[in-house]
Amino acid sequence: MQCRPLGITGLDVPVVGMGTWRTFDVRGAAAEAGCRAVLDAAFAAGANLFDTSPMYGAAEEVLSRSLGARREQALVADKVWTAADDEADAQIARALAWYGGLVDIYQVHNLVAVDRRLRTLGRLREEGAVRVIGATHYQHDAYPELLALMRARKVEMVQIPLNAADRAAEKEILPAAADLGIGVMVMRPLGAGRLAQKSVSEAQLAPLRDYGVTTWAQALLKWILSDPRVSCVIPATSKPARMTENAAAGEPPWLDEEMRRYVERLAD
Ligand SMILES: NC(=O)c1ccc[n+]([C@@H]2O[C@H](COP(=O)([O-])OP(=O)(O)OC[C@H]3O[C@@H](n4cnc5c(N)ncnc54)[C@H](OP(=O)(O)O)[C@@H]3O)[C@@H](O)[C@H]2O)c1
């Protein structure tokens, strides 16, 4: 698995990690065993960056239990998501208890109460409980607010959607991130699964084989990672074999411009 620095933070991240929205919001021993199996596949492939949030139901806690003794080999990207200060403090206390007193990347989810949350996260970083501070939003109309935080150097990384069918972040977010040395984590790399379901034939994938691409999902992930301004992608899956498949997209060769245009046409 190739790693890249998360902007100028000095934290090296695997280019393919994993999200936990919906897939880790599970209850019961059998379902949690399934999550552990997905983590096994992620670790085996070197995809040891995991993104979660208090917004994702039981996912944060299930991720912490599934990691178990492997916590130190993982990078945890968590979020704080509430307008209420006491609830924010409670979310943070729970996360630090689940993740051994450290959240590697702590993000303000959907920019909720962002100024107050960034102050708290800054304090936590001084105490050694956080390594990198960021902010996330899934909607394009939030990009101006994200950009303002980036330009004011209030965040060191952002998490935004980007894929061959959703390229809005290319306009201002990616150029600003490159200029300022800000890390970019890509959510919804498979279009929340819809883009991955598009029917693409073996013959259509054939020109991508020289780039190590054997499946449509890999083509989509490699399209994103071929942009050097992107630090990492976090596709979610409930299936170990898909985790292995997705992680395999985290190796060069990257797609050249002609091949990226080709994937965009397939995604259209
Ligand atoms: N901050 C925010 O506002 C925000 C918003 C959305 C997401 N996120 C983060 O970003 C992560 C990723 O986004 P996402 O979960 O919305 O969408 P995604 O990663 O684009 O897509 C996930 C879906 O793709 C399917 N999938 C995964 N690998 C596949 C493969 N190789 N072939 C075919 N289908 C495949 C999964 O189904 P199976 O389980 O059946 O494999 C799942 O339904 C989230 O989990 C979360 O951590 C953050």
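Data block above holds the structure.
Here is what the cut-offs are and how they apply
Residues numbered from 1 in each chain as written. Predicted model: local features only at pLDDT ≥ 70, side-chain atom pairs only at ≥ 80, totals over all residues. Heavy atoms only, no water. Helix = DSSP H or I, 4+ residues; strand = E, 2+ residues; numbered from the N terminus. Rg over C-alpha atoms; globule rule 2.2 N^0.38 Å. Buried < 20%, exposed > 50% of the residue type's maximum accessible area, 1.4 Å probe, protein only. Contact = heavy atoms within 4.5 Å. Areas by Shrake-Rupley, 256 points an atom, 1.4 Å probe, with all protein chains shown as cover. Lys, Arg positive; Asp, Glu negative; His and termini not counted. Charge placed at Lys NZ, Arg CZ, Asp CG, Glu CD. Axes fitted to C-alpha atoms, helices over the stretch in contact; angles between N-to-C directions. Left-handed = near helix turned anticlockwise from the far one by under 90°. Nonpolar A, V, L, I, M, F, W, Y, C, P; charged D, E, K, R; others polar. Near = heavy atom within 4 Å. Polar contact = N/O pair within 3.5 Å; in protein donor to acceptor, adjacent residues only side chain to side chain. 1 Å grid on protein atoms, 1.4 Å probe; cavity = no way out; pocket = protein on both sides within 12 Å on 5 of 7 lines; lining within 4 Å. Sits in = over half its atoms within 2 Å of the grid points. Salt bridge = Lys/Arg side-chain N within 4 Å of Asp/Glu carboxyl O. Pairing = 2+ DSSP bridges.

Colleague: Could you give me a rundown of the overall build of the protein, with the residues and numbers involved?
Modeller: The helix and strand inventory of the protein stands at 10 helices and 10 strands. In terms of overall size, the protein behaves like a compact globule, its C-alpha atoms giving a radius of gyration of 18 Å where 268 residues would be expected to give roughly 18 Å. By its C-alpha atoms, the protein is 55 × 45 × 30 Å across when sized along the principal axes. When the 268 residues of the protein are sorted by exposure, 55% land in the buried category. Pairs at least 24 apart in sequence give 77% of the contacts found in the protein among residues at least 6 apart. When the accessible surface of the protein is split by element, carbon and sulfur atoms take 51% of a total near 11,100 Å². For the protein, the separation between the mean place of its 31 positive charges and that of its 34 negative charges on side chains is 2 Å.

Colleague: With reference to specific residues and values, describe the environment of His109.
Modeller: By the secondary structure assignment, His109 is in the loop between strand E6 (103–108) and helix H4 (114–126). Expressed as a C-alpha distance, the spacing of His109 and Ser53, which sit 56 residues apart in the sequence, is 7.7 Å.

Colleague: Describe the packing of helix H1 (residues 29–44) against helix H2 (residues 59–67), listing the residues and the values that go with them.
Modeller: Across the interface, H1 lies against H2 with an axial gap of 9 Å and an inter-helix angle of 65°. Where H1 crosses over H2, the two elements pack in a sense that is right-handed. On H2, the residues touching Glu32, Cys35, Arg36, Leu39 and Phe43 of H1 are Val62, Leu63, Arg65, Ser66 and Leu67. Residues that form the contact of H1 with H2 fall into these classes: six nonpolar, one polar and three charged.

Colleague: Residues and numbers for the site of the ligand, please.
Modeller: Around the ligand, the surrounding shell holds 29 residues, and the nearest of these are Asp51, Leu190, Thr237, Ser238 and Lys239. Measuring from a nitrogen atom of the ligand, one finds a side-chain N or O atom of Glu245 at 3.2 Å. Considering the ligand on its own, with 900 Å² of exposed area, one finds that the protein chains cover 90% of that surface. Using a 2 Å cut-off from the grid points, one finds that the ligand occupies the largest pocket. When residues of the shell around the ligand are assigned to their parent elements, the largest contribution, three residues, is made by helix H9 (residues 240–247). Of the residues that constitute the shell around the ligand, the class distribution is 12 nonpolar, 11 polar and six charged.

Colleague: Describe the side chain of Asp166, and please don't skip the residues or the numbers.
Modeller: Note that Asp166 resides in the loop between strand E8 (157–161) and helix H6 (173–180). For the buried Asp166, which has no salt bridge, the nearest side chain bearing the opposite charge is Arg188, at an N-O separation of 6.8 Å. At 2.9 Å, the side chain of Asp166 forms a polar contact with the side chain of His140. Among residues more than four places away in sequence, those in contact with Asp166 are His140 and Pro161.

Colleague: Can you break down the sheet that holds strand E3 (residues 18–19) residue by residue, with the values?
Modeller: Neighbouring strands of a sheet are bound in pairs by backbone hydrogen bonds; such pairs are parallel or else antiparallel. In spatial order, the strands read E3-E4-E5-E6-E7-E8-E9-E10; together these eight strands make up an open sheet with parallel pairing. Looking along the sheet, the strands with just one partner apiece sit at the ends: E3 and strand E10 (232–233). As paired strands, strand E7 (residues 130–136) and E8 are joined by three bridges and run parallel to one another. Along E8, the bridge assignment pairs Thr136 with Gln159.

Just geometry here; none of it tells us what the structure is for.
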